[in-house]
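# Topology and contacts: notes
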Amino acid sequence: MVSLLQFTFAVLIIAFHNQRIFPSDEWNFIQKNVISRLAVPFFIIASAFFVRWKTEQKKEFQQKYKKKYTKKYIKTYLIWSLIYLPYGWMFFSSLGFANALLPLGAIVALLYVGMCYHLWYLPAFLFGSFFINKFNKHVNLLMITLLAFSLFLVGSIETYQGYFANTWLTTSYESYARIFFTTRNGLFFTPVFVCLGYLLYDYRNHPFLIRHQARNISF
């Protein structure tokens, strides 16, 4: 079922970044701004759940697994960044930056926004996980989730700023965006979904989840 959902959401991400599929404005809005937007949260929650599972099952291998996972994750990200390096280079060149600044732009892309627009998820998930893990050593996970949700609400201004036109919220976001470009990063976007993945694992035996769990699925 997880693999089926992964495939389905991968197709929905492709559909989101393409031109409209449905001629109807209503269906186009539902597909792009409702259904397709569930994809990235699903991937973050699922990844966080399985990382929590691996690290909590065998405490003595916790640090070893985290290092192995992080190393493999960074390696995958670097490979894809290398593949998209020509695209990133052409994009930054089109912005009119001096050639001397292009290497700096590549570093910013690698560490923050991604070498291509859809790669932002990879460094954001890594930073968001690091952020939550550090806080979780000192603060209860439920409290961290509330904080992460508050950050997510602030970050959502980017997506829904059209509803706040000519308000201090839009003005504040525009000032932020001039320096940091986007709120779709490891501070404002991914932490809340990392927390949800952790909570799903921690409360996996809760009566509510057990009662609504599909135990036998046949096709």
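Predicted, not measured: the structure shown is a model, and the values here were computed from it.

## Looking at the nonpolar core
Of all hydrophobic cores here, the largest spans 42 residues; its most connected members are I44, Y121, I132, F189, F193 and V194. The set of elements that each furnish at least two residues to this core consists of α1 (2–16), α3 (39–57), α4 (62–83), α6 (102–113), α7 (121–136), α8 (141–155), α10 (168–180) and α11 (190–202). Of all the elements, α3 adds the most residues to this core, at eight residues. With residues up to four places along the chain from it excluded, the contact list for I44 reads Y121, F125, F189, T190, F193 and V194.

## Describing the packing of α3 against α7
In contact at an axis separation of 12 Å, α3 and α7 are set at 45 degrees when each is read in the N-to-C sense. By the angle class used here, α3 and α7 are oblique. In this structure, α3 meets α7 at a crossing whose hand is right-handed. Here V40, F43, I44, S47, A48 and R52 of α3 come into contact with α7, specifically with Y121, F125 and N136. Classifying every residue of the contact of α3 with α7 gives six nonpolar, two polar and one charged.

## Some thoughts on the layout of surface pockets
Its boundaries defined by the atoms lining it, the largest pocket holds a volume of some 1,400 Å³. Lining the largest pocket are 48 residues, and of these V113, Y117, H118, L119 and W120 sit closest to its centre. Looking at the lining of the largest pocket element by element, the count peaks at five residues for α6. Considered class by class, the residues forming the lining of the largest pocket number 33 nonpolar, 12 polar and three charged. When its volume is computed, the second largest pocket comes out at roughly 650 Å³. K66, S129, F130, N133 and Y198 are the residues nearest the centre of the second largest pocket, which is lined by 21 residues in total. Looking at the lining of the second largest pocket, the elements with two or more residues in it are α3, α4 and α7. Broken down by element, the lining of the second largest pocket gets its largest block of residues, eight residues, from α7. Looking at the lining of the second largest pocket residue by residue, the class counts come to eight nonpolar, seven polar and six charged.

## Description of the packing of α1 against helix α2 (residues 25–35)
Running from N to C, α1 and α2 point in directions that differ by 120 degrees, and their axes come no closer than 10 Å. One finds that α1 runs oblique with respect to α2. Of the two elements, α1 crosses α2, and the hand of that crossing is left-handed. Contact with α1, carried on its side by F9, L12, A15 and F16, involves Q31, K32 and I35 of α2 and no other residues of that element.

## Topic: the pattern of salt bridges
With the rule as written, the count across this model stands at two salt bridges. One salt bridge in this structure joins R20 and D25, with 3.0 Å as the shortest N-O distance. Owing to a relative accessible area of 43%, R20 belongs among the partly exposed residues under this scheme.

Reading guide: rules and limits
Residues numbered from 1 in each chain as written. Predicted model: local features only at pLDDT ≥ 70, side-chain atom pairs only at ≥ 80, totals over all residues. Heavy atoms only, no water. Core = buried A, V, L, I, M, F, W, Y, C linked by side-chain atoms within 4.5 Å. Buried < 20%, exposed > 50% of the residue type's maximum accessible area, 1.4 Å probe, protein only. Helix = DSSP H or I, 4+ residues; strand = E, 2+ residues; numbered from the N terminus. Contact = heavy atoms within 4.5 Å. Axes fitted to C-alpha atoms, helices over the stretch in contact; angles between N-to-C directions. Parallel < 35°, antiparallel > 145°, perpendicular 65-115°, else oblique. Left-handed = near helix turned anticlockwise from the far one by under 90°. Nonpolar A, V, L, I, M, F, W, Y, C, P; charged D, E, K, R; others polar. 1 Å grid on protein atoms, 1.4 Å probe; cavity = no way out; pocket = protein on both sides within 12 Å on 5 of 7 lines; lining within 4 Å. Points joined across faces, edges and corners; volume = space filled by probe spheres on them. Salt bridge = Lys/Arg side-chain N within 4 Å of Asp/Glu carboxyl O.

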